[in-house]
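# Structural characterization, general
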Amino acid sequence: MNEQQEFLLNLLMEFDGICQKHGIDYVLCGGCAIGLERNKGFLPWDDDIDLFITRENLNKLDTVLKEELPEGRIWITEDNNPQYQNPLPRYMDANTTLVIRSWMDTGIPLAFMLELFVLDPYPNDPALQQDFNKYLWLYCELQADRYVISSWSLGKDTINADLYRTYKKRIEREGKEAVLAEIKREHLTYDYDECDYLCGFWGLDHKVVHKKWAEDIVRRDFEGKSLPFFRENIQYAFETEYGVNWNMVPVETKQVTHDNIVRIDEPYTEHIDEITDIARKHRMGQLLEENKKDNIERFFAQLDMHEFAAKQKRDVLQAMANELERQTWHFDVERVNDLYESFRDYFYIQFAQRYRKFHEKPALRDDVLETMLLTLLHRNLLTNSGVLVDLYPESRCYSEFRGIIDDICALKNAKIAQDADTVGNLLGRLSGKYCLEQQLEVERARMWLTVQTAQDMGDEEIDALIETCVHGSDYEIMKRIGDLHYEKGDYVAASKWYAPALKCRDGIILLDLNEKGFYC
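Residues numbered from 1 in each chain as written. Predicted model: local features only at pLDDT ≥ 70, side-chain atom pairs only at ≥ 80, totals over all residues. Heavy atoms only, no water.

### Remarks on the packing of aromatic side chains
Tallied over the full model, the rule gives 26 aromatic pairs. Judged by centre distance (6.0 Å) and plane angle (45 degrees), the rings of W213 and F230 are tilted. Placement of the pair is W213 in helix α7 (residues 211-214) and F230 in strand β10 (residues 225-230), with a sequence separation of 17 residues. Accessibility expressed as a relative area gives 4% for W213, which makes it buried. One aromatic cluster is present, formed by F52, F117, W213, F230 and Y236 through successive ring pairs. Over the face of the ring belonging to F201 we find K184, whose NZ or CZ atom lies 5.3 Å from the ring centre. (Phe/Tyr/Trp six-rings, centres within 6.5 Å; stacked < 30°, edge-to-face > 60°. Helix = DSSP H or I, 4+ residues; strand = E, 2+ residues; numbered from the N terminus. Buried < 20%, exposed > 50% of the residue type's maximum accessible area, 1.4 Å probe, protein only. Lys NZ or Arg CZ within 6 Å of the ring centre and 35° of its normal.)

Encoded structure:
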């Protein structure tokens, strides 16, 4: 834990004390939630703390902080500061400095903060969900005069250029406050009791969580402190934020940090007048607003061009599919690599992020689709397997393969959660289907379960077990063999098997090895 993280943790503990005193529920989310599982604390590069709080609990917190805000603290929301163009409330330490470009000429306090994502009821009906997504994006994009929040992750179904332009004209006539209030009232307000989901009020990426998670909060150890998380924290990390590979440590270029200027030893008041004067002298506010206008229109144009390109790529894929359909396809687990090579060019186009966001797809015969899905599964490409099957909900194999993919993902997460009963049940459900006992995640789970239930396994028994492994050179399989030696007290043999695993990027594996005293 570095100095900045330690400072944020102390600020969080102060905030947590206020919430506990007044019966206010919240949970840590984002990087802290994944850091809990992979590091039992902060991710090494993390430089902020994000929290989830329901609208009801936020209203309670707002009332409390208006009456008894600790000295040297700032509570800022879109309701209590008209200059604050952000739907995320922030709890700040006024004795620090944080310089953010888009705020520099506003006089808004600039300080170290905890950032709260407000959870609002999210409708069950898919059509209403799409409407909610679109208007949440619109709300946040209209609120932010100085930067574009739109990203490719939202997709064409959410981003609507004509809607944005229409509401911008309305704001010019009616004022921003009235128009935003109408959007929230007419399109973003649902009855809590009638919804099974909650959505974080932020239009950059829609964080949808199960309502039952928010109603089942536990306190767990984080950097030696007891702090609140969803009981289903692993499912949250998998379903909401990071996908099936949430346990993997990203390469350095993907380790997201913020580029703000920070000082934890000087109050923002020592700098804010000078910063504001410089920003106003150089017309930063006007320049940022003009830049926003240009950039949002440029983004809309790029989106249109990529949609056009996606349609052309669909035609290319259709020609490739037609060529593939000149023969009948059957999956053979012994030919997985050859099959993958046969489909490689097709997959390269189909799974490109900007293409798949448009949900374009060629017609694909069932035997080709099924062979593709099994090839992806046996290559352990679970994310792409899910993308492909979801494009074809009308196919005869959709229900079966959607279930298989979900079961393999659930198997992986149950193993990490050390839920042996669920692992055993899922292994039984997957056995006997399409040689899935040879699928990598299935074999990893089987080896994990063997380690959990093994008692005094001798060297000959371990050797016999190794002979049954299809993926004997996989780092996690080798780690499990090392665990069997470790449990016997044979640390030299364990070290030999652990060595390859110490070079992997699986944060769960590395955490366990480090706790046992093995380091790269």
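So, next bit.
### Focus on the environment of W202
Within the secondary structure, W202 sits in the loop between β7 (197-200) and β8 (208-210). Distance from W202 to L142, taken between C-alpha atoms, is 12 Å for residues 60 residues apart in sequence.

### Some points on the packing of helix α18 (residues 459-467) against helix α19 (residues 475-488)
In contact at an axis separation of 11 Å, α18 and α19 are set at 170 degrees when each is read in the N-to-C sense. As the angle between them shows, α18 and α19 are arranged roughly antiparallel. Across the interface between the two elements, D459, I462, L465 and I466 from α18 touch I481, L484, H485 and K488 from α19. (Axes fitted to C-alpha atoms, helices over the stretch in contact; angles between N-to-C directions. Parallel < 35°, antiparallel > 145°, perpendicular 65-115°, else oblique. Contact = heavy atoms within 4.5 Å.)

### Structural notes on a negative patch on the surface
A cluster of acidic side chains, namely D191, D193, E194 and E215, defines a negative patch on the protein surface. For D191, the position within the fold is in the loop between α6 (176-187) and β7. (Patch = residues over 30% accessible without salt bridge, like charges linked within 9 Å, V, L, I, M, F, W, Y side chains within 5 Å. Areas by Shrake-Rupley, 256 points an atom, 1.4 Å probe, with all protein chains shown as cover. Salt bridge = Lys/Arg side-chain N within 4 Å of Asp/Glu carboxyl O. Lys, Arg positive; Asp, Glu negative; His and termini not counted. Charge placed at Lys NZ, Arg CZ, Asp CG, Glu CD.)

### A closer look at empty space enclosed by the protein
Empty space left among the atoms is revealed by rolling a probe the size of a water molecule over them. Per the stated rule, a full pass over the model turns up one cavity of 30 Å³ or more. Space inside the largest cavity adds up to approximately 60 Å³. Lining of the largest cavity is provided by Q83, Q85, S102, W103, T106, I108, R146 and Y147. Here the lining of the largest cavity is built from residues that sort into three nonpolar, four polar and one charged. (1 Å grid on protein atoms, 1.4 Å probe; cavity = no way out; pocket = protein on both sides within 12 Å on 5 of 7 lines; lining within 4 Å. Points joined across faces, edges and corners; volume = space filled by probe spheres on them. Nonpolar A, V, L, I, M, F, W, Y, C, P; charged D, E, K, R; others polar.)

### Side note on the pairing of strand β4 (residues 90-93)
The two faces of β4 match: R90 and M92 on one face and Y91 and D93 on the other face are all buried. As defined by bridge partners, strand β3 (residues 73-76) adjoins β4 across four bridges and the pair is classed as antiparallel. If you follow R73 over to β4, its bridge partner there is D93. Summarising the sheet, β4 and strand β6 (residues 112-122) pair through four bridges and their orientation is antiparallel. Among the inter-strand pairings, Y91 is bridged to a residue of β6, identified as L114. (Pairing = 2+ DSSP bridges.)

### A few points about the pattern of salt bridges
Side-chain pairing between opposite charges can occur once the charged atoms of the two side chains come close. Per the stated rule, a full pass over the model turns up 52 salt bridges. Of the charged contacts in the structure, one is a salt bridge between E290 and R283, with a shortest N-O distance of 3.6 Å. In this structure E290 comes out as partly exposed when scored by relative accessible area, which is 40%. Exposure remark for R283: the relative accessible area of 38% places this residue in the partly exposed category. Residue D483 is joined to R480 by a salt bridge in which the shortest nitrogen-to-oxygen separation is 3.5 Å.

### Considerations on the nonpolar core
Formed by 126 residues in total, the largest nonpolar core has its most connected members in L12, F15 and I183. The residues touching L12, leaving out its near neighbours within four places in the chain, are Y26, L28, I49, L51, L114 and L227. (Core = buried A, V, L, I, M, F, W, Y, C linked by side-chain atoms within 4.5 Å.)

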